[in-house]
Amino acid sequence: MIHILLKSGLFSLLCLSLLSMPLYTVAQQTKGSVTGRIIDLQKNPVYPATVAIEGTTIGGFTDESGVYKLTNAPIGNKTIIVTGVGINITKTTINIVAGRETKVPDIEVDNTTQLHEVAIEGKTEARRQQEQAYAVTVLDIKKAYNASAPLNKLLNNVSSVRIREDGGVGSNYNFSLNGFSGNQVKFFLDGIPMDNFGSSFNLSNISVNMAERVEVYKGVLPVCLGADALGGAVNIISRKDANYLDASYSFGSFNTHKVSVNGAYTNLKTGFTVRANAFYNYSDNDYKVYAPIIDLNTNKKIDDRWVKRFNDDYQSGGIKLETGITNKAYADYLLAGIILSKNDKDVQTGATMDAVYGGVKTKSESMIPSIRYMKENLFTDGLSVSAYGAYSIVNTFNVDTLSRTYNWLGEWITANKGEKVYTDSKIKNREWLANANLSYMIDNHQSITLNHVFSSMKRKIHDKADPENESNMIPQKLTKNITGLGWQIKYDRWNANVFGKLYSTSSSTYKRLDEYTENARLEKVEDDKTNFGYGAAVTYFILPKLQGKLSYEQAYRLPESTEMFGDGLIQQRNPDLKPESSDNVNLGFIFEQQLKEHTFFLETNLIYRNTKDFILKEVSLTSDPTTGYQNLGKVLTKGIEGGIKYQWKNLLHAGINLTYQDITDNQEFEENTGSFVGEGISENITYKERLPNIPYFFGHGDIGVQFQNIGLKDSELTFDYSINYVQKYYLSFPGLGAKASKKVIPEQTSHDISLGYSMEKGKYSVVVECTNFTNEKLYDNYRLQKPGRAFNVKFRYFIK
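Presented here is an overview of the structure given in this document. (Residues numbered from 1 in each chain as written. Predicted model: local features only at pLDDT ≥ 70, side-chain atom pairs only at ≥ 80, totals over all residues. Heavy atoms only, no water.)

1. Observations concerning the overall build of the protein
Spelled out, the test is: Working definition: helices are DSSP H or I runs of at least four residues, strands are E runs of at least two. Numbering for both runs from the N terminus. Radius of gyration here uses only the C-alpha atoms, and the compact-globule reference equals 2.2 Å multiplied by the residue count raised to the power 0.38. By definition in these notes, contact holds between two residues if any of their heavy atoms fall within 4.5 Å. Computed by Shrake-Rupley with a 1.4 Å probe, the accessible areas treat only the displayed protein chains as cover when residues are assessed. We count Lys and Arg on the positive side and Asp and Glu on the negative side, and we leave His and both chain ends out. To locate a charge, take NZ of a lysine, CZ of an arginine, CG of an aspartate or CD of a glutamate.
The number of helices and strands found in the protein is five helices and 48 strands. For 800 residues, the compact-globule formula gives about 28 Å, and the C-alpha radius of gyration of the protein, at 28 Å, lands near that figure. Viewed in the frame of its principal axes, the protein has a C-alpha envelope of about 90 × 70 × 45 Å. A separation of at least 24 residues holds for 65% of the contacts in the protein among residues at least 6 apart in sequence. Carbon together with sulfur atoms contributes 57% to the accessible area of the protein, which is approximately 36,400 Å² in total. Averaged over its 88 positive side-chain charges, the protein has a centre that lies 3 Å from the centre of its 87 negative ones.

Structure follows, in C-alpha cells:
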C-alpha cells in the first residue's frame, strides 16, 4: 500500500510539473539569456570565475574555456559583474532582449591580484558538485596528474570504495561501493554509459590525465545518469580545456611501461575542435607469489614456495578521438568520435592460485563509433537537449589449446586437450546504444528532466576447437530500455529532487535442461521484465558551513550479458538470473571550515540498503575453481562511513576515511523447488549471517607536503605517503563449518610513498613512486596474490 501511494503521489507531482510548463513559458517571454567568455590580460580563458547580473539572483560560473551562460535573465540594460579568487571586480553594461540570447564580447579581467594574508573563499567545480542533494563524493583528479596509478586505484581513496584486483597490471578488478560490486555499480564517461566499451578501455587502463574529476554517487543517481545502477555510479568527467597537450611516460618494476597522450585543439573563432586521448600499457607481471607446489606425477602438494609468475604478460592500447564544432547558435557541441582499443592478456591462474596455466590467453578488440550533441536554450530559454549514439563492435578471443598441465615451477606434463577447457573461441558482441536527455528550467528555482537510455546487445560465438558445439549456434540477445523523469526545486539554502524510473528488459538465450540424464538438451528461452522505481533527495544548509543530505530510492538492476552468458572461460553462465531490487537510504552531513590558513573538511554518511534477489558473485573451490553469479533472496546492509581532510596553506594536506558495513543474509525461509531432497519451505541456515567474500571494515589515510621554488623559480617539490587497511573477512558464510576449516582473506595493511618535482609551473615534472614499500603479502580476493614492493618513475610534459 505504501509503495502504491508513493508511486501515485510521485506520478501526480510529475504531471503537475508538466502541466505548469505552459504557464511558465508565457512568463518567460519577458526573459532573455546571456552568454560570453571571460579572459585574462594574456587572452587566456579564466576558470573558475563568478558571473552575475547586478541586483538579481541570476549568476553562474565559467567553464574551462572561460565560457559562461546565464538563463532567465531580466530584459533591458543590465550590469554584469565578474568576480573570483584573485580577480579584480569587473563590471560591464549590456542590453538583454526578450526571448533571445545576448552574446557579450570577451570580458577582460585582471587576475593577478596578490592575496597576501586576506582569506578569500572560492569553490572549485568539484566542491560545487559535492553540494548536490545526492550522496556524492567528488575526487579532484587534477591533483593526481603526476601519479602513475590508473583511475581505478585512485578511487580507493574514497570512503566506502574498495577496488579488488586479481593481480598486477591488466588483471581483472572488481569495484565495490557500500557492499555492492561488479555490475551493481555503473560507470560513465561524461554521463555516457561505459558498459559497451570493452575490457581494453576501462578504469584500469585509461590514464588519470584524461580526467578532470570523478563523481562517485553512493546510492541514488541523478535522472540524467540514465542507468539501472543498484548501488551507485562513477561518472568520469573528462578535461574540457580548449587547447592543451599532456604527455607522460612511466616505467617500473616487472618490466612495466605506460604511455599516455591527451590533448585538445579548439579554434575559438570558428568553434572547430579536436580532442584525443591515447594510452599504451605493458607489463610482464612476473612478480613473486607464495604458491602451492604440486608434484605433477602424483598430483600431491609438496610445499608452498616463493615463485615468479611466468604466464602473465599483458599489453593494452587505445585511442578516443572526437572532432566537430563547439559554441555555435545551433549546438553547444556536435562531435563525431571513435574509440579504438585492444588488449592481449596471458592467463596465469583460475579463480584461485590452486589452478595454474602456462598457455591460456585472452584478447579483446573494440571499435566504437559515436556521435554527441548538446544545446542549451534550444528554441526557448531554459530548454536544454543532449543526445548520444554509438555502435559497439567488441570481439573477445579465448585460447586454451595446449595439451598440458602446469605447476608453479613452470613444469608440465602431457594431459588432455586444454588446460582449463579446450577452446579457441571468438565471442562477437554487437551493441547499439542511444541516450537522450531533455531538461527545462521552469523558472529560477524549478526544472524538470526527462532521460531515456536504450541498449541492444547481440552475442554470437564460434569455436574453432569445437565448431559443432550446439550451444554456440544459438544467438543470444539482451535489450534494455530505461526511462527517467525528475523534478528539481532549488533555493539558496536547500534543494530537492523527486524522480521516477521505468525499467524494461528483454533477453533471449538458451538453457540446459535435465543435465546429466538421458534427456539432457538445450532449449531456447526468452524473457521480458518491466519494473518501476522512484526516489527523492533533499539537502539543506543547517548552517552556512554545515550541510545535511537525505535521499531514498527504490532501485532496480537488470542482469548484464556477462552475468547471464558467462565469459566462455572461468566465469560460468546463469540464464536464470532475476533483476535485483533495493530500497536505498542515505543520510549524510558535510562540514567545511576555513580558519585563516587552516581548512577543515568533514563528511559522514549513514547507509541503509534492503535488497531483494541480490546478485552475488561466488567462487567454487574445486581443483579447477570457477566463478559465477547467483540470486540471494534478501540482503540487508547497514553501514557508516566518514572522512576528515585538513590543509594548511599550500604546504601541507592530510586526510583519513573509514568505512564499516554490516551486510547480512536477511532471508529467513527459502523455498526448495526441483530439488533432489524434496520440495517445500525450509529454514535458511545462513539467516542473519554476514555475506561472504565482501570486506566490511576498511580505511585509507594520506599526508603530503609541497614546497615552492626549490632550486628553480616556479618549481614545486612534493612528498606524499598513503596507507590502506582492510580487516580480514571470510570467503564463505562465517557461521558455517569449523573455525579451522574456514577460508579467510587475511587482514592487511599497505603503504605507498612518492617524491615529485615539477618545473616551470608544472610544464615538466618527474615522480618516483614506491607501492607496498613494506613488501606485504596482499590479497583482494581469496588466494589471488597481488604484487609486492614495486617502483615506478613517471615523466610528464604539459602545455596549455
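2. Concerning the pattern of salt bridges
What counts, and what does not: For this document, the term salt bridge refers to a Lys or Arg side-chain nitrogen within 4 Å of an Asp or Glu carboxyl oxygen. Burial classes: relative accessible area under 20% of the type maximum marks a residue as buried, over 50% as exposed, and values in between as partly exposed (1.4 Å probe, protein chains only).
Evaluation of the coordinates by the stated rule reveals 36 salt bridges. The residue Glu165 makes a salt bridge to Lys786 at a minimum N-O spacing of 3.9 Å. Of this pair, Glu165 sits in strand β10 (residues 161–165) while Lys786 sits in the loop between β47 (784–785) and β48 (790–799), and the two are 621 residues apart along the sequence. Residue Glu165 shares its accessibility class with Lys786, and that shared class is buried. Put simply, Lys186 and Glu560 hold a salt bridge, and the shortest N to O gap is 2.2 Å. Placement of Lys186 in strand β13 (residues 185–189) and of Glu560 in the loop between β33 (546–557) and α5 (561–565) is noted, with a sequence separation of 374 residues between them.

3. Things to note about unusual backbone geometry
With phi around 60 degrees, Asp714 is a residue other than glycine that occupies positive phi space. By the element assignment, Asp714 lies in the loop between β40 (697–708) and β41 (716–726). Overall, Asp714 belongs to the partly exposed group, its relative accessible area being 31%. Its identity is not glycine, yet Asn775 carries a phi of approximately 55 degrees, on the positive side. Tracing the backbone shows Asn775 in the loop between β45 (764–771) and β46 (779–781). Using a relative accessible area of 41% as the deciding quantity, one classes Asn775 as partly exposed.

4. Re the nonpolar core
For soluble globular proteins, the rule of thumb is that nonpolar side chains tend to be buried together. In plain terms, the rule: In this description, a nonpolar core means a group of buried Ala, Val, Leu, Ile, Met, Phe, Trp, Tyr and Cys residues linked to one another through side-chain atoms lying within 4.5 Å.
The biggest cluster of nonpolar side chains holds 46 residues, and the ones touching the most others in it are Ile141, Leu155, Phe175, Val214, Ile236 and Leu691. The contact partners of Phe175, leaving out residues within four places of it in the chain, are Leu155, Val161, Arg162, Ile163, Phe180, Ser181, Gly182, Val185, Phe187 and Val234. Counting residues in each nonpolar core, the second largest holds 18 residues, with Val34, Val51, Ile80 and Ile94 among its members.

5. A closer look at the sheet that holds strand β2 (residues 50–53)
Put simply, the rule is: DSSP calls a pair of strands paired once it identifies at least 2 bridges connecting them. Helix axes are fitted to C-alpha atoms over the stretch in contact, other axes to C-alpha atoms as well, and angles between N-to-C directions run from 0 to 180 degrees.
The four strands lie next to each other as β3-β2-β5-β6, forming an open sheet whose pairing is antiparallel. Strands with a single pairing partner mark the edges of an open sheet, and in this sheet they are β3 (59–61) and β6 (90–96). With strand direction ignored, the average angle separating the axes of adjacent strands in the sheet is 25 degrees. Pairing analysis gives three bridges linking β2 to β3, with the strands arranged antiparallel. Opposite Thr50, over in β3, you have Phe61 as the bridge partner.

6. Some details on a positive patch on the surface
Quick reminder of the rule: Each patch is built from salt-bridge-free residues with over 30% relative accessible area, joining like charges within 9 Å and nonpolar side chains (Val, Leu, Ile, Met, Phe, Trp, Tyr) within 5 Å.
On the surface, Lys426, Lys428, Lys458, Lys460, Lys464 and Lys477 cluster together into a positively charged patch. Position of Lys464 among the secondary structure elements: in the loop between β29 (446–463) and β30 (476–490). Taking relative accessible area as the criterion, Lys464 reaches 63% and is therefore assigned exposed.

7. With respect to the packing of aromatic side chains
What counts, and what does not: Pairs were defined over the aromatic rings of Phe, Tyr and Trp, the Trp ring being its six-membered one, requiring ring centres within 6.5 Å. Orientation was assigned from the angle between planes: stacked under 30 degrees, edge-to-face over 60, tilted for the rest. In our convention, an over-ring charge means Lys NZ or Arg CZ found within 6 Å of a ring centre and within 35 degrees of that ring's normal.
For the structure on display, the rule yields 19 aromatic pairs. Measuring from ring centre to ring centre gives 5.5 Å for Tyr290 and Trp306, while their planes differ by 50 degrees; the resulting arrangement is tilted. Pair noted here: Tyr290 is in strand β20 (residues 288–295) and Trp306 is in strand β21 (residues 300–308), with a separation of 16 residues, a long-range link. Residues Tyr503 and Tyr556 carry aromatic rings whose centres are separated by 5.7 Å and whose planes lie at 55 degrees to one another, so their mutual orientation is tilted. In this pair, Tyr503 is assigned in strand β31 (residues 494–513) and Tyr556 in strand β33, connecting sequence segments 53 residues apart. In this structure an aromatic cluster arises from ring pairing among Phe197, Phe201 and Phe279. The ring of Phe698 has Arg162 lying over it, and the distance from NZ or CZ to the ring centre is 5.8 Å. Sitting over the face of the ring of Phe397, Lys363 holds its NZ or CZ atom 4.8 Å from the ring centroid.

8. Some words on the environment of Asp583
Keep this limit in mind: Under this definition, polar contacts are N or O atom pairs within 3.5 Å; protein pairs additionally need one hydrogen-donor-capable and one acceptor-capable atom, and for neighbouring residues in sequence, both atoms have to be side-chain atoms.
Checked against the element boundaries, Asp583 lands in strand β34 (residues 580–595). C-alpha separation for the pair Asp583 and Glu553, spaced 30 residues apart in sequence, amounts to 5.8 Å. Among the polar contacts made by the side chain of Asp583, one reaches the side chain of Tyr552 at a distance of 2.6 Å.

9. Here we look at the pairing of strand β37 (residues 652–665)
Here strand β36 (residues 626–648) pairs with β37 via 14 bridges, running antiparallel. Bridging from a neighbouring strand, Gln647 pairs with His653 of β37. Counting the residues that bridge the hairpin from β36 to β37 gives three residues, and of these Lys649 lies at a positive phi of roughly 50 degrees. Bridging between β37 and β40 involves nine bridges; their strand directions are antiparallel. In the sheet register, His653 faces β40, and the bridge partner there is Gly704.

10. What about the sheet that holds strand β14 (residues 192–193)?
Strands sit in the order β9-β15-β16-β13-β14 across an open sheet of five strands; the sheet is mixed. Edge positions in the open sheet fall to β9 (136–140) and β14, since each of these has one partner strand only. Two strands pair when backbone bridges link them, and strand β15 (residues 211–218) and strand β16 (residues 232–238) are joined in this way by seven bridges, in the antiparallel orientation. Bridge assignment links Val216 to a residue of β16, and that residue is Val234.

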